[in-house]
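Commentary on secondary and tertiary structure
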Amino acid sequence: MASEGGEDHRLPRIASAIRVIPDFPKPGIMFQDITTLLLDHEAFRDTIDMFVERYRDKRITVVAGIEARGFIFGPPIALAIGCKFVPMRKPKKLPGEVISEEYSLEYGTDIMEMHVGAVQPGDRALVIDDLIATGGTLSAAIRLLERVGAEVVECACVIELPELQGSQRLGGKPLFVLVKAAAA
Amino acid sequence: MACGKDGEQDPRIGGIAASIRVVPDFPKKGIMFQDITTLLLDPKAFKNTVDLFVERYIGKDVSVVAGIEARGFIFGPPIALAIGAKFVPLRKPRKLPGEVISEKYVLEYGTDCLEMHVGAVQSGDRALVVDDLIATGGTLCAAMNLLERAGAEVIECACVIELPELKGREKLNGKPLYVLVESR
């Protein structure tokens, strides 16, 4: 498993704390399980620190985290840099008025929602999820944020599956990841 | 109007309570939904929320923070990181990729199920259960059962908001509950 971010001494521990589960959710898929990373306090701490160090001086005003594993990594980053956290959710979970964005799945489509009023024009946003695969979910999040006038500064994930070329689907927005892994 | 717990109200509670938005008739008519997403848009209120929990649990040898999907994933990890504990996500069925144990619980109509990874928690672990809100206590009770079945000791349940009229506190098998804000 190669890693991004150069030779940072914290990366080997982070990478080895991630458990690979074969054939989940279906045969042939090597699922990257971050729950074991969350059981290693030092590795989890280091993961957050690496993102915070990158973004603390970039005038980020909002961290958007994608349901549900983006809710684990996004808030600690938002708290450390002192900015808003906005949850990007599956349909019908957010109670107030929402805007929705449809996106493609392997078979069919899904919808992502954000609260109206959570983000304003001029907000500088970071989008967070645990992993980028095809980039469909992240690109839906980028579109939602841009529709309300925010500037998406970067997308940040713990893990990338480069074979699935998700980084090409982010509308030109940059991607920062800590660890790269094989998809299958 | 919401008020704080624990006798004399900490001066931070007022700002926290005021930052919570009530959305009427969600998810159905007659329900006044306590929306914490507006708290997450207020960095000071969010930081104060986490700090109040951290101040209570630091130095108490808590080794696990278990957060209930999905809003427990927002509050649990910052607490876990600050007190040096593992974070364990408790999830809806079929989300966790590895071997799980499941606990059924009763809803208003029907039942649901909460799952935890086998091996995440061991006997000797001292656990905190975190969610954004306690209503009837059904979900928290299922969470406590999962942790105890794995051999952990549940020290306390911690929520931002309690709906006291629903008497969830009584469903916790005598385990203590700590909340910041009550909503009637």
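Figured I'd write up the structure that's included with this text.

Definitions and cut-offs
- Residues numbered from 1 in each chain as written.
- Chains lettered and ligands numbered in written order.
- Predicted model: local features only at pLDDT ≥ 70, side-chain atom pairs only at ≥ 80, totals over all residues.
- Heavy atoms only, no water.
- Core = buried A, V, L, I, M, F, W, Y, C linked by side-chain atoms within 4.5 Å.
- Buried < 20%, exposed > 50% of the residue type's maximum accessible area, 1.4 Å probe, protein only.
- Contact = heavy atoms within 4.5 Å.
- Buried area = accessible area lost by both parts, 1.4 Å probe.
- Salt bridge = Lys/Arg side-chain N within 4 Å of Asp/Glu carboxyl O.
- Polar contact = N/O pair within 3.5 Å; in protein donor to acceptor, adjacent residues only side chain to side chain.
- Helix = DSSP H or I, 4+ residues; strand = E, 2+ residues; numbered from the N terminus.
- Phe/Tyr/Trp six-rings, centres within 6.5 Å; stacked < 30°, edge-to-face > 60°.
- 1 Å grid on protein atoms, 1.4 Å probe; cavity = no way out; pocket = protein on both sides within 12 Å on 5 of 7 lines; lining within 4 Å.
- Points joined across faces, edges and corners; volume = space filled by probe spheres on them.
- Nonpolar A, V, L, I, M, F, W, Y, C, P; charged D, E, K, R; others polar.
- Pairing = 2+ DSSP bridges.
- Axes fitted to C-alpha atoms, helices over the stretch in contact; angles between N-to-C directions.

**Here we look at the nonpolar core**
- If you look at the biggest cluster of nonpolar residues, it comprises 73 residues, and the most contacted ones within it are Val-63, Phe-73 and Ile-77 of chain A together with Leu-39, Val-65 and Phe-75 of chain B.
- If we skip the residues at most four places from it in the chain, Val-63 of chain A touches Gly-74, Ile-77, Ala-78, Ile-81, Cys-83, Lys-84, Phe-85, Val-86, Leu-126 and Ile-128 of chain A.

**Overview of the interface of chain B and chain A**
- On the chain A side, the residues contacting the 35 residues of chain B number 34 residues.
- Contact between chain B and chain A buries roughly 2800 Å² in total, counting both sides, with carbon and sulfur atoms accounting for 71%.
- On the chain B side of the interface with chain A, the three residues burying the most area are Leu-41, Leu-81 and Pro-97 of chain B, jointly 24% of the side's total.
- Run the count over chain B and chain A and you get zero salt bridges.
- Viewed at the interface, chain A and chain B are joined by six residue pairs in polar contact (both at pLDDT 80 or more).
- Secondary-structure elements contributing two or more residues to the side of chain B that touches chain A are β1 (21-24), β2 (32-35), α2 (37-40), α3 (43-57), α4 (72-83) and β4 (86-90) of chain B.

**Regarding the packing of aromatic side chains**
- Counted by the stated rule, this structure contains ten aromatic pairs over all chains.
- An angle of 85 degrees between the planes, with centres 5.8 Å apart, marks the rings of Phe-46 of chain B and Phe-75 of chain B as edge-to-face. You can see Phe-46 of chain B sitting in helix α3 and its partner Phe-75 of chain B sitting in helix α4, a full 29 residues away along the chain. Take Phe-46 of chain B and Phe-75 of chain B: they sit in the same class, and that class is buried.
- Ring geometry for Phe-73 of chain B against Phe-87 of chain B: centres 6.1 Å apart, planes inclined by 90 degrees, an arrangement best described as edge-to-face. Separated by 14 residues along the polypeptide, Phe-73 of chain B in helix α4 and Phe-87 of chain B in strand β4 bring together distant segments of the chain. Both residues of the pair, Phe-73 of chain B and Phe-87 of chain B, belong to the buried class.
- Here the aromatic residues Phe-51, Tyr-55 and Phe-176 of chain A are joined through ring pairs into a cluster of three or more.

**So, the pattern of salt bridges**
Residues and elements named next belong to chain B.
- Applying the stated criterion across every chain yields a total of 32 salt bridges over all chains.
- Put simply, Asp-51 and Lys-47 hold a salt bridge, and the shortest N to O gap is 2.7 Å. Pair noted here: Asp-51 and Lys-47 are both in helix α3, with a separation of four residues, about one helical turn.
- The exposure class of Asp-51 is partly exposed, given its relative accessible area of 21%.

**A look at the environment of Ser-100 of chain A**
All names here are of chain A.
- Within the secondary structure, Ser-100 is located in strand β5 (residues 98-104).
- Ser-100 gets classed as partly exposed once you look at its relative accessible area, which sits at 33%.
- A sequence separation of 46 residues divides Ser-100 from Glu-146, and the C-alpha atoms of the two residues are 12 Å apart.
- Excluding anything up to four places from it in sequence, Ser-100 contacts Ile-111, Met-112, Glu-113, Leu-144 and Arg-147.

**Focus: the environment of Leu-147 of chain B**
Residue and element names in this part refer to chain B.
- Mapped onto the secondary structure, Leu-147 falls in helix α5 (residues 138-149).
- Taking the relative accessible area as the measure of exposure, Leu-147 reaches 0% and is therefore buried.
- Sequence separation between Leu-147 and Leu-128 is 19 residues, and the spatial gap between their C-alpha atoms is 9.6 Å.
- In this structure, Leu-147 is in contact with Ala-66, Met-116, Val-121, Ala-127, Val-129, Ala-152 and Val-154, ignoring residues within four places of it in sequence.

**Things to note about the layout of surface pockets**
- Its boundaries defined by the atoms lining it, the second largest pocket holds a volume of some 200 Å³.
- In terms of lining residues, the second largest pocket is bounded by Arg-45, Pro-76, Leu-79 and Ala-80 of chain A together with Lys-47, Val-50, Asp-51, Pro-78, Leu-81 and Ala-82 of chain B.
- By residue class, the composition of the lining of the second largest pocket is seven nonpolar, no polar and three charged.

**A closer look at the sheet that holds strand β7 (residues 126-134) of chain B**
Residues and elements named next belong to chain B.
- Taken together, five strands build an open sheet; the order of strands is β4-β3-β7-β8-β9 and the sheet is parallel. The sheet is open, and its two edges are formed by β4 and β9 (177-182), each paired on a single side. Across the sheet, the mean angle separating the axes of adjacent strands is 20 degrees when strand polarity is ignored.
- By the bridge criterion, five bridges tie strand β8 (residues 153-162) to β9 in an arrangement that is parallel. Counterpart to Cys-159 in the pairing with β9 is Val-179.

**Here's the deal with the pairing of strand β6 (residues 111-117) of chain B**
Residues and elements named next belong to chain B.
- Of all seven residues in β6, five are buried; the element is thus mostly enclosed.
- Direction of pairing for strand β5 (residues 100-106) relative to β6: antiparallel, over a ladder of seven bridges. Residue Val-100 lies in a different strand from β6, and its bridge partner there is His-117.
- The hairpin turn running from β5 into β6, its antiparallel successor, is four residues long, and Gly-110 in that turn takes a positive phi close to 95 degrees.

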